[in-house]
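Here is what each chain is made of, one letter per residue.
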Amino acid sequence: IMQKKRLMGDTKHFCPVSLKENFVLYPGLQEHAAKYKEKIYYFSTSEYKDKFLKNPEEYVAHNEPLQAPPLRVCLLGVHGAGKTTCARQIADKLGIFHIQFEEYLQELILPKTKRKVGPSFDEDQKDDDKIPEELEEFSQTKTKTETPKSKHKKEVKLTDEEEAIKANLMDNMELPPEVLDKIVPDWWKKEPFRSTGFILDGFPRTSDEATYLSEQGLCPDVVVYIQVEEDDILTRLFPPRLKKWKDRRRKKKEYKKKLKELKAKKRV
């Protein structure tokens, strides 16, 4: 028995309401299907199905095909896999934005912290600040009329959201949904990302963050996971870190030498 071929709607198996209202290609479900003008449409939720049936002409193509959203890519992988290098090359080639998630978080709190935060940054700061401060104290000749500088820096107060971001960068604490709400949806829904597209480097990082994207209807078109052998990561990361350590040791010796010379001059 020959069966009549099923005709799919303009958005195929994607939800037309999600496309129209959120500019996102969200897969529809068979249980939320509806027929309009001999074509079958699938919807992501029953609410969107009802919305379509109330005014279907708002969600179907007329004189020209419906405009598809730009490419949205999530690039994942362990630290040192080369995500950022690959993401920059892809973004340049496709003409889309490159968003490095951790770097984006740093920029959100940088106006208050004045420097990047995290275990590696804090280690550098402790080594680099201590001796230069001592050098400055000995190199500045203070007269009786000069007012000594206050050693106590003004404490910067962070908001709850900024504290959560700092905890994430310092101790890898999970970001709560209310913080993600103020960051992630803009990349899908606001300009210039909405019409240009992006490659999101380093997000989602956990199953909870992936669930968050799904529940918010923020679907990437492609998710790429870069898998690298541990030996390759070690070969890539160890030499620059060793060089950084050697540079810090050299600086420390130079500072100590200068400090010793200044102390000797002061005694004379």
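Every chain is numbered independently, its residues counted from 1 as its sequence is written. Only residues with pLDDT of at least 70 are given local features in this predicted model, and only at 80 or more are side-chain atom pairs given and counted; all residues enter the totals for whole chains, interfaces and linings. Note that the side-chain values use all heavy atoms of the structure and ignore hydrogens as well as water.

Student: I tried to follow helix α6 (residues 160-171) on my own but got confused; where do I start?
Tutor: Residues three or four positions apart in an α-helix share a direction because the helix packs 3.6 residues into each turn. Relative to the 16 Å expected for twelve residues at 1.5 Å per residue, α6 spans 16 Å between its end C-alpha atoms, a close match to the ideal helical length. Taken together, the buried positions of α6 are E162, A164, I165, N168 and L169. Taken down its axis, α6 places every buried residue within 160° of arc, on the same side. Opposite its buried face, α6 presents the exposed residues D160 and D171, each directed more than 90 degrees away. Helix and strand definitions here come from DSSP, where helices need a minimum of 4 consecutive H or I residues and strands a minimum of 2 consecutive E residues; each element is numbered from the N-terminal end. Expected span, for any helix, means 1.5 Å times one less than how many residues it has. The cut-offs for exposure are 20% and 50% of the maximum accessible area for each residue type, with area from a 1.4 Å probe on protein chains only; residues under the lower value are buried, those over the upper are exposed, and the others partly exposed. Note that the arc is computed from the directions linking the helix axis to the C-beta atoms.

Student: Would you explain the nonpolar core in this entry?
Tutor: A general feature of soluble globular proteins is that nonpolar side chains tend to end up buried together. Of all hydrophobic cores here, the largest spans 25 residues; its most connected members are I165, V184, W187 and W188. Broken down by secondary-structure element, the contributors of at least two residues to this core are α4 (101-113), α6, α7 (177-181), α8 (185-189), β5 (198-201) and α10 (207-215). Only heavy atoms matter for contacts: two residues are in contact if any of them lie within 4.5 Å across the pair. Discounting residues that sit within four places of it in the chain, I165 has contacts with L105, L108, I109, L175, V179 and I183. Remark: nonpolar core denotes a set of buried residues (Ala, Val, Leu, Ile, Met, Phe, Trp, Tyr, Cys) joined through side-chain atoms within 4.5 Å. Membership of the second largest hydrophobic core comes to ten residues, among which are Y41, F43, F52 and V60.

Student: How do you make sense of the packing of aromatic side chains when you look at a structure like this?
Tutor: The way to describe two aromatic rings as a pair is by their centre distance and the angle between their planes. Here a pair means two rings of Phe, Tyr or Trp (six-membered ring of Trp) with centres within 6.5 Å. Their orientation is stacked below 30 degrees between planes, edge-to-face above 60, and tilted elsewhere. Under the definition given, this model contains nine aromatic pairs. A ring pair is formed by F101 and F203, whose centres lie 4.6 Å apart and whose planes are at 35°; its orientation type is tilted. Residue F101 is located in helix α4, and its partner F203 is located in the loop between β5 and α10; the two are separated by 102 residues in the primary sequence. F203 carries the same exposure label as F101, and that label is buried. Taken together, the aromatic side chains of Y36, Y41, F43, F52 and Y59 make up a single cluster linked through ring pairs.

Student: Sorry, what's going on with the pairing of strand β2 (residues 39-43) here?
Tutor: Moving residue by residue along a regular strand, the side chains alternate between the two faces of the sheet. Counting buried positions along β2 gives four out of five residues, so the element sits mostly inside the fold. Think of it this way: DSSP has to see at least two bridges between two strands before they count as a pair. In the sheet, strand β1 (residues 29-36) pairs with β2 via five bridges, with the strands oriented antiparallel. The partner of Y36 across the bridge, within β2, is K39. In this structure, the hairpin formed by β1 and β2 is closed by a connection of two residues, where K37 is found at a positive phi of approximately 50°.

Student: Just checking my understanding: could you explain unusual backbone geometry for this structure?
Tutor: Peptide bonds are trans in most cases, and residues, glycine excluded, mostly fall at negative phi. For the peptide bond that leads from E191 to P192, omega is 5°, which places it in the cis range. For P192, the position within the fold is in the loop between α8 and α9 (193-196). Backbone torsion omega between F203 and P204 reads 0°, so that peptide bond is classified as cis. Looking at the element boundaries, P204 is found in the loop between β5 and α10. Of note in the backbone geometry, K12 takes a positive phi value of approximately 55° without being a glycine.

Student: What should I look at first to understand a negative patch on the surface in this one?
Tutor: Any residue with relative accessible area above 30% and no salt bridge may belong to a patch, with like charges joined within 9 Å and the nonpolar Val, Leu, Ile, Met, Phe, Trp and Tyr side chains within 5 Å. Only the protein chains shown count as cover for residues, and the accessible areas themselves come from Shrake-Rupley with a 1.4 Å probe. Salt bridges are identified by distance alone: a Lys or Arg side-chain nitrogen within 4 Å of an Asp or Glu carboxyl oxygen. In this count, Lys and Arg are taken as positive residues and Asp and Glu as negative ones, while His and the chain termini are left out. A single reference atom marks each charge: NZ on Lys, CZ on Arg, CG on Asp, CD on Glu. On the surface, E229, E230, D231 and D232 cluster together to form a negatively charged patch. Within the secondary structure layout, D231 lies in helix α11 (residues 230-267). A relative accessible area of 57% places D231 in the exposed class.

Student: Looking at this structure, how should I read the sheet that holds strand β3 (residues 72-77)?
Tutor: Where strands meet in a sheet, backbone hydrogen bonds hold them as pairs that are either parallel or antiparallel. Strand order across the open sheet formed by four strands is β4-β5-β3-β6, with parallel pairing between neighbours. Looking at the sheet topology across the chains shown, the edges are occupied by β4 (97-100) and β6 (222-226). Sheet twist, expressed as the average angle between the axes of neighbouring strands with direction ignored, equals 20°. Here β4 pairs with β5 via four bridges, running parallel. Bridging across to β5, I99 finds its partner in L200. Along the sheet, α4 makes contact with β4 and β5, crossing β4 at roughly 75°. Note on method: axes are straight lines fitted to C-alpha atoms, helices fitted across the in-contact stretch only, with angles between N-to-C directions ranging 0 to 180 degrees.

Student: Help me understand a positive patch on the surface in this model?
Tutor: A grouping of R249, K252, K253 and K256 is seen on the molecular surface, where their side chains present a positively charged patch. Residue placement: R249 occurs in helix α11. Judged by relative accessible area, which is 45%, R249 ranks as partly exposed.

Student: What is the right way to look at the environment of Y36 in this model?
Tutor: Counting through the fold element by element, Y36 comes out in strand β1. Dropping the residues within four chain positions of it, Y36 is found in contact with Y41, F52, P56, E57 and V60. Of the polar contacts made by the side chain of Y36, one reaches the side chain of E57; its length is 2.3 Å. Polar contacts here mean pairs of N or O atoms no more than 3.5 Å apart (in protein, one a potential hydrogen donor and the other a potential acceptor; neighbouring residues in sequence count only if both atoms are side-chain atoms).

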